[in-house]
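This is what each chain is made of:
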Amino acid sequence: MAIRRIYETPDPMLRQISKPVETFDDELETLVADMLETMYAAPGIGLAAVQVGVPIRLLVIDLQEPEDPEDPESPTVKDPKVFINPEILWHSENDVPYTEGCLSVPEQYAEVMRPDRIRARWQDEKGKTYEEEIEGLLAVCLQHEMDHLNGVLFIDHLSRLKRDMVLKKLAKWRKEQQQKAA
Ligand code: NI
């Protein structure tokens, strides 16, 4: 396994439309393992293949929720999920806000509205098909990651004013990181 480089906005890689996965082979399994390692190291709760420079319809999610829901300090439980060729078959009409972030827009967060429930179909790394109704943070995260497969970032859902503000803050953050490194 290896940690891969995460592409960041405004890299044009992130604007590519990812292609369907047709071959479920060892190479795919290696990519899945690398993506999980990269996501845990970042750390993040979701990562699409295009974010590591492989524009195929594959994403991984692990919400890494605390063992004890009452105690946010309790150890997190690992629950890696792999979604290949995911599709949204249905979504509720009820949009809810969630403050999202993205490893390709580092250290920036903004509220995005998305349907609170979706019915999704996807495959795993062996090619097995699943269909399930999903809600809560997993639904938010899956929709965010699926946007990546279509070249969309969470900041694209914001008003122009808000997006410009986030990008300005990102530029400032990058400058500070550079100064720290110097
Ligand atoms: Ni993202």
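About the cut-offs
Residues numbered from 1 in each chain as written. Predicted model: local features only at pLDDT ≥ 70, side-chain atom pairs only at ≥ 80, totals over all residues. Heavy atoms only, no water. Core = buried A, V, L, I, M, F, W, Y, C linked by side-chain atoms within 4.5 Å. Buried < 20%, exposed > 50% of the residue type's maximum accessible area, 1.4 Å probe, protein only. Helix = DSSP H or I, 4+ residues; strand = E, 2+ residues; numbered from the N terminus. Contact = heavy atoms within 4.5 Å. Donors = N, O, S within 2.8 Å, 3.2 Å for Na, K, Ca; no water. Expected span 1.5 Å × (residues − 1). Pairing = 2+ DSSP bridges. Axes fitted to C-alpha atoms, helices over the stretch in contact; angles between N-to-C directions. Salt bridge = Lys/Arg side-chain N within 4 Å of Asp/Glu carboxyl O.

K.L.:
Even after reading the chapter, I still don't get the nonpolar core, so can you show me in this structure?
P.N.:
The tendency in soluble globular proteins is for nonpolar side chains to be buried side by side. Among the nonpolar cores identified, the biggest contains 29 residues, and Leu59, Ile61, Val105, Ile134 and Leu142 are the most heavily contacted of them. Listed by contribution, the elements that provide at least two residues to this core are strand E2 (58-61), strand E5 (105-115), strand E6 (117-123), helix H2 (136-149) and helix H3 (160-181). It is H2 that contributes the most residues to this core, six residues altogether. Setting aside residues no more than four positions away along its own chain, leucine 142 makes contact with Leu59, Ile61, Phe83, Ile118, Ala120 and Ile134. With 17 residues, the next largest nonpolar core counts Val21, Met35, Val52 and Leu58 among its residues.

K.L.:
Got a minute to help me understand the coordination of the nickel ion in this structure?
P.N.:
By definition of the ideal shapes, four donors in a tetrahedron about a metal sit 109.5 degrees apart, and six donors in an octahedron sit 90 or 180 degrees apart. Bound to the nickel ion are the protein donor atoms Cys102 (SG), His144 (NE2) and His148 (NE2), situated 2.1 to 2.3 Å from the metal. Expressed as a motif, the donor residue spacing for the nickel ion is C-x41-H-x3-H. Of this pair, histidine 144 and histidine 148 both sit in helix H2, four residues apart, roughly one helical turn. According to the relative accessible area criterion, histidine 144 is buried, its value standing at 6%. Residue classification places histidine 148 among the buried positions, given a relative accessible area of 1%.

K.L.:
Looking at this model, I keep getting lost on helix H1 (residues 26-41). Mind explaining?
P.N.:
An α-helical turn contains 3.6 residues, so a residue and the one three or four places further along point in the same direction. Taking 1.5 Å per residue as the helical rise, H1 with its 16 residues ought to reach 22 Å, and the 22 Å between its terminal C-alpha atoms agrees with that figure. Looking only at H1, the buried set comprises Leu28, Leu31, Val32, Asp34, Met35, Leu36, Thr38, Met39 and Tyr40. Buried residues along H1 sit against strand E1 (46-48), E2 and strand E3 (81-91).

K.L.:
Looking at this structure, how should I read the environment of serine 159?
P.N.:
Inspection of the secondary structure puts serine 159 in the loop between H2 and H3. Taking the C-alpha atoms as reference points, serine 159 and glutamate 37, 122 residues apart in sequence, are found 33 Å from one another.

K.L.:
What is the right way to look at the sheet that holds E1 in this model?
P.N.:
For sheets, the rule is that strands pair by backbone hydrogen bonds, running either parallel or antiparallel. One open sheet accounts for five strands, arranged E1-E2-E3-E6-E7; its pairing is antiparallel. Both outer strands of the open sheet, E1 and strand E7 (129-135), are each paired with one neighbouring strand and no more. Shown here is a sheet whose adjacent strand axes are inclined to one another by a mean of 40 degrees, direction ignored. When E1 meets E2, the two strands line up antiparallel, connected through three bridges. Within E2, the position partnered with leucine 47 by the bridge is valine 60.

K.L.:
Explanation requested: the pattern of salt bridges in the structure shown.
P.N.:
Opposite charge on two side chains permits pairing when their charged atoms draw close. Going through the model one piece at a time under the given rule, you end up with 13 salt bridges. For the salt bridge of aspartate 147 with arginine 114, the shortest nitrogen-to-oxygen distance reads 3.0 Å. Here aspartate 147, found in helix H2, pairs with arginine 114, found in strand E5; they are 33 residues apart in sequence, far enough to count as distant. Accessibility classification places aspartate 147 together with arginine 114 in one group, the buried group. Put simply, Glu87, Arg117, Arg119, Arg121, Glu131 and Glu133 are held in one network by salt bridges that share partners.

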